[in-house]
Amino acid sequence: MKSHTRVVVIGGGVVGCSVLYHLTKLGWTDVMLVERSELTSGSTWHAAGGFHTLNADTNMAALQGYTIRLYRELEAITGMSCGLHHVGGVTLADTPERWDYLKAERAKHRYMGLDTELVGPEEIRKLSPITNTAGVIGGLYDPLDGHLDPSGTTHAYAKAARMAGAEIVLRNPVIETNPMPDGSWEVVTKEGTIRAEHVVNAGGLWAREVGALAGLFLPLHPMEHQYLVTEETPEVYEREKELPHVMDPGGESYLRQEGRGLCIGFYEQPCDPWAVDGTPADFGHELLENKLDRISDSVEFAYRRFPVLERAGIKTVINGPFTFAPDGNPLVGPVPGLRNYWSACGVMAGFSQGGGVGLSLAQWMVEGEAERNVFAMDVSRFGELRIDRRAGRWVTPAYTRTKVIENYQRRFSISYPNEELPAARPFQTTPAYALWDERRAVFGAGFGMEHVNYFAPEGEARFETPSFRRSNAFDAVGEEVRAVREAVGLNEIHNFGKYMVTGPGARAWLDRIMAGRIPAPGRLSLTPMLSPKGRIIGDFTVTCLAEDRFQLTASFSAQAFHMRWFEANLPPDGVRVENVSTSRLGFQIAGPNARDLLSRTTRADVSNAAFPFMAAREMDVGLTRAMVQRVSYTGDLGFEIYVDAMDQRALFAALTEAGEGLGLRPFGMRAMMSLRLDKFFGSWLREYSPDYTVGETGMDRFVSWNKPAEWIGKAPAQAEKAAGASRRLVAFAVDADDADVVAYEPIWIGEQVQGFCTSGGWSHWAGVSVALGLVPAALAAPGLEAEIEILGERRPARLLSAPLFDADGARMRG
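Owing to the predicted nature of the structure, the values given are computational and were not obtained by experimental measurement.

Q: Sorry, what's going on with the overall build of the chain here?
A: In terms of regular secondary structure, the chain is built from 21 helices and 37 strands. For 814 residues, the compact-globule estimate of 2.2 N^0.38 gives 28 Å, and the C-alpha radius of gyration of the chain, at 27 Å, lies within 12% of that figure. Viewed in the frame of its principal axes, the chain has a C-alpha envelope of about 80 × 60 × 50 Å. Put simply, the chain has 814 residues, and 61% of those count as buried. By sequence separation, contacts in the chain at least 24 residues apart represent 72% of the contacts at least 6 residues apart. In the structure as shown, the chain presents an accessible area of about 29800 Å², 50% of it carried by carbon and sulfur atoms.

Q: In this structure, what is going on with unusual backbone geometry? I would like to understand it.
A: Comment: phi is negative for the bulk of residues other than glycine, and the bulk of peptide bonds are trans. At the junction of R425 and P426, the peptide bond is cis and its omega measures out at -10° in the coordinates. With respect to the secondary-structure elements, P426 resides in the loop between α11 (397–409) and α12 (433–438). Even without a glycine there, the phi angle at L791 is positive, about 50°. With respect to the helices, strands and loops of the structure, L791 is situated in the loop between β36 (785–790) and β37 (793–800). A relative accessible area of 9% means that L791 is categorised as buried.

Q: In this structure, what is going on with the packing of aromatic side chains? I would like to understand it.
A: Two aromatic rings are characterised by how far apart their centres lie and by the angle between their planes. According to the stated counting rule, one finds 34 aromatic pairs in the structure shown. With centroids separated by 6.5 Å and ring planes inclined at 20°, the aromatic side chains of Y111 and Y744 adopt a geometry described as stacked. With Y111 in helix α3 (residues 96–112) and Y744 in the loop between β32 (727–734) and β33 (746–749), this residue pair connects regions lying 633 residues apart in the sequence. The interplanar angle of 50° and the centroid separation of 6.2 Å between the aromatic rings of Y254 and Y267 together place this pair among those described as tilted. Here Y254, found in strand β14 (residues 253–258), pairs with Y267, found in the loop between β15 (261–266) and α8 (296–305); they are 13 residues apart in sequence, far enough to count as distant. On the accessibility criterion, Y254 (15% relative accessible area) is buried. The class for Y267 is buried, based on a relative accessible area of 8%. If you follow R411 out to its NZ or CZ, it ends over the ring of Y267, 5.7 Å from the centre.

Q: What's the story with a negative patch on the surface in this structure? I'm lost.
A: On the surface, a cluster of negative charge is contributed by D115, E117, E122 and E123. Turning to its location among the elements, D115 is positioned in the loop between α3 and β5 (117–119). Of the residues examined, D115 reaches a relative accessible area of 61% and is grouped as exposed.

Q: Looking at this structure, I do not really get the sheet that holds β33. What am I missing?
A: Think of a sheet as strands paired side by side through backbone hydrogen bonds, with each pair either parallel or antiparallel. Spatial ordering of the closed barrel is given by β32-β35-β34-β33-β36-β37, a layout of six strands whose pairing is antiparallel. Sheet twist, expressed as the mean angle between neighbouring strand axes with direction ignored, is 45°. Note: β32 against β37, four bridges, orientation antiparallel. In the sheet register, F732 faces β37, and the bridge partner there is L799. Its contacts with the sheet place α3 against β33, β34 (752–763) and β36, and it is angled at close to 60° to β33.

Q: Can you help me understand the packing of helix α1 (residues 14–25) against helix α10 (residues 350–367) in this one?
A: Orientation of α1 relative to α10, taken along the N-to-C sense of each, is 40°, at an axis distance of 8 Å. Our classification of the angle between α1 and α10 gives oblique. Judged by the sense of rotation from one axis to the other, the crossing of α1 with α10 is right-handed. Of the residues in α10, those touching α1 at V14, V15, S18, V19, H22 and L23 are G350, F351, G354, G355, V357, G358, L359, L361, A362, M365 and V366. Class assignment for the residues of the contact of α1 with α10 results in 11 nonpolar, six polar and no charged.

Q: I keep staring at the side chain of H451 and nothing clicks. Help me out?
A: Residue position: H451 is located in strand β20 (residues 449–455). At a separation of 3.4 Å, a polar atom in the side chain of H451 contacts the side chain of N453. Residue contacts for H451: discarding those within four places in its chain leaves E420, V442, F443, G444, A445, G446, H494, N495 and M669.

Q: Just to check I follow, could you spell out the pairing of strand β23 (residues 524–530) for this structure?
A: Regular strands have side chains that alternate between both faces of the sheet. Within β23, six of the seven residues are buried, which leaves the element mostly enclosed by the surrounding structure. Two strands pair when backbone bridges link them, and β23 and strand β24 (residues 536–546) are joined in this way by seven bridges, in the antiparallel orientation. The residue bridging L530 from the neighbouring strand is I536, located in β24. Here β23 folds back onto β24, and the loop between the two strands holds five residues, one of which, G534, carries a positive phi near 85°.

Q: Can you help me understand the packing of helix α13 (residues 474–486) against helix α18 (residues 669–678) in this one?
A: Angle between the axes and distance between the axes are the two parameters that describe a pair of packed helices. The contact between α13 and α18 brings their axes to 9 Å, and the two run at 55°. For the element pair α13 / α18, the angle class is oblique. Helix-helix and strand crossings are classified by hand; for α13 and α18 the assignment is right-handed. Residues V477, E480, V481, V484 and R485 of α13 touch α18, and the partners they reach there are R670, A671, S674, L675 and D678. A class-by-class count of the residues in the contact of α13 with α18 yields five nonpolar, one polar and four charged.

Q: What am I meant to see in the side chain of D740 here?
A: By the element assignment, D740 lies in the loop between β32 and β33. Side-chain polar atoms of D740 contact the side chain of R470, separated by 2.7 Å. Engagement of the side chain of D740 in a polar contact is seen with the side chain of S769, the distance being 2.7 Å. For D740, the residues in contact, after removing those within four places along its chain, are R470, E745, G761, W762, S769 and I790.

Q: It is not clear to me how α1 should be interpreted in this structure. Could you clarify?
A: At 3.6 residues per turn, the α-helix brings residues three or four places apart onto the same side. Its 12 residues place the ends of α1 16 Å apart at the C-alpha level, agreeing with the 16 Å of an ideal helix rising 1.5 Å per residue. Counting buried positions along α1 yields 11 of 12 residues, so the element is predominantly enclosed. All of the buried residues in α1 are V14, V15, G16, C17, S18, V19, L20, Y21, H22, L23 and T24. Directly after α1, the chain includes G27, whose backbone phi takes a positive value near 105°.

The rules behind each value
Residues numbered from 1 in each chain as written. Predicted model: local features only at pLDDT ≥ 70, side-chain atom pairs only at ≥ 80, totals over all residues. Heavy atoms only, no water. Helix = DSSP H or I, 4+ residues; strand = E, 2+ residues; numbered from the N terminus. Rg over C-alpha atoms; globule rule 2.2 N^0.38 Å. Buried < 20%, exposed > 50% of the residue type's maximum accessible area, 1.4 Å probe, protein only. Contact = heavy atoms within 4.5 Å. Areas by Shrake-Rupley, 256 points an atom, 1.4 Å probe, with all protein chains shown as cover. Phe/Tyr/Trp six-rings, centres within 6.5 Å; stacked < 30°, edge-to-face > 60°. Lys NZ or Arg CZ within 6 Å of the ring centre and 35° of its normal. Patch = residues over 30% accessible without salt bridge, like charges linked within 9 Å, V, L, I, M, F, W, Y side chains within 5 Å. Salt bridge = Lys/Arg side-chain N within 4 Å of Asp/Glu carboxyl O. Lys, Arg positive; Asp, Glu negative; His and termini not counted. Charge placed at Lys NZ, Arg CZ, Asp CG, Glu CD. Pairing = 2+ DSSP bridges. Axes fitted to C-alpha atoms, helices over the stretch in contact; angles between N-to-C directions. Parallel < 35°, antiparallel > 145°, perpendicular 65-115°, else oblique. Left-handed = near helix turned anticlockwise from the far one by under 90°. Nonpolar A, V, L, I, M, F, W, Y, C, P; charged D, E, K, R; others polar. Polar contact = N/O pair within 3.5 Å; in protein donor to acceptor, adjacent residues only side chain to side chain. Expected span 1.5 Å × (residues − 1).

Interpretation note: all reported values are geometric properties and have no functional meaning in isolation.
Now the structure itself:
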């Protein structure tokens, strides 16, 4: 075993071996994998081995497609068999809601290049004669689906990595991981100490314990999972070709052929978390005690869906643990707060996602960023994970376990675009939470924090019905929108991530890290933040409070994502960045009466001459000292008022008292998302994400092209400017029925899919269904007619050349 290496990958399951292989594929061959026991000793060896592309996140679906196509490459490289069975798979829909979901997924696949097909009951019976289609409306067929040999595939990854120069050390537990001052790591193992530039935690069932060695809490939890293998069955072995997979969400099951019999697994409701207090160090190739009573209801349902099971004897029962993150997606990427420490764990669907995880992490390590937006599996989405830090840290073991149980139970449930899951809520709240609760707020949650979605009228349920179509919140949201446009609305601004940047080098540092103009004292600016490859990694408001003090605001859910980037790019001295997202709170007020409302609460001059658009002032508002800036995401006349968290309730009292007679009404995030569509304002991870560039999204208008600083991403952004972006973000008015655009719906121009939607919804003010989307730049011109596929129907759409509200900005700036 060598004592120095570029990378140590800890864990020899399918994910660790995939990371090792992809590092060598990208040119890093001085790498090694350290495994506590043998390869596949955790969850890998007892996995059912199925793979599929279906995933609600399009980038995750694309990475799953990459994983599946990779297996032939591994076989060609190594000469080993992965035991591939490309039998195809069909996902059943037995309710109109499930059918809507499958139609929406099929639409996404059109522009992703995935060859899936919607099929009816008759076609399902032809594909899988053992399936009883009574009550089935239809299904989604994917020819890429199949299964493989888990052990053979993992060893193929390992052999391919070894062939490229990687070292694999078995039966060698890691005892310590110690950070060194230069950013490298000292990995202490049973067989000796290794000095590594980078450490990758691919510990699988032991990822929590491996993380704890570095002072981390990783939000993971193992769950027991059971599947059955039947005896030989004539309906199976008498067929000329292998049966396809069948996923039956209504029965919480998946079924495939296993040799001459069948394999069926369940994601049952009465589920059990495993190893609550930690995975035993000596656990390995054991299975857990069978708990058939736990799946009795699921088995009974399966007997009706697949009657052949009732006649097939059970040969084997497998009950083994798999790790899950709270939302079911992997935890991948550089861990916030630690230099050169990487996560590759929580990959529950290892044989669907392992290749994509390995590729993305290797690209991140070798090239500085992944080629796709992988925020859906970025470890930073759960905030600060170092147990010695407070700001930005919110996940706990109890929260994790509660959400993992919920996710397991919902493994085959529909993911609705407007759905708010109830487990572990409310968790974190602001001081204003009780005030909203008194006013019949219907809450959502993001990054652990409660926020108001809308306010339910008296006599109506305080619950938004999950749907792909317009929900029961529609009328209430419309009233909130009209209150903003006709009078004045009040909304909490805790849904911004907020950062204080201080020090004598603050301006110079911001000029380098932001692509836009850094404002003068008392002013603010909008600016994108770019990756080295010119991709959008943040859309920020920068407020200059003084020459050496700035406030930054961006998406609340991206706190750890942004803090990780800030810290990685800080100069040695002269600049300090502090996350103040939950200590600086407040409200925004917006609408034609907003200035009158503010003037009633302060002695400061808030006239347009004294307080113009994009200005910032410190003033007393009511009893509290506040920083007020004149800007609003509603696109209306508006102000954002920031105070210390302890003063938030006093600020609320001042504003509501002063609002008497002005038509003041609180509004939630549903109304906010409708209001921003009137102005075609983009949103983080919708229009603005690492998938897109400033030229594509129109963010180039906020870039300071001539500032002398060499800002990050400048060269690729300039190259795009010179060549012209190949696609453009545009807005459409859609002739929708009772469902609006959500995201990723294909845009048909002529008889070809030539673009896709990034977001959309109903403009309650204009009475128009709006879609934002990317289309070829050459076609992005007034008069463009298109069709947007919504839930399987192509709806007429026309390009909008001007915003639907305040097109000239007179009210916003006046």
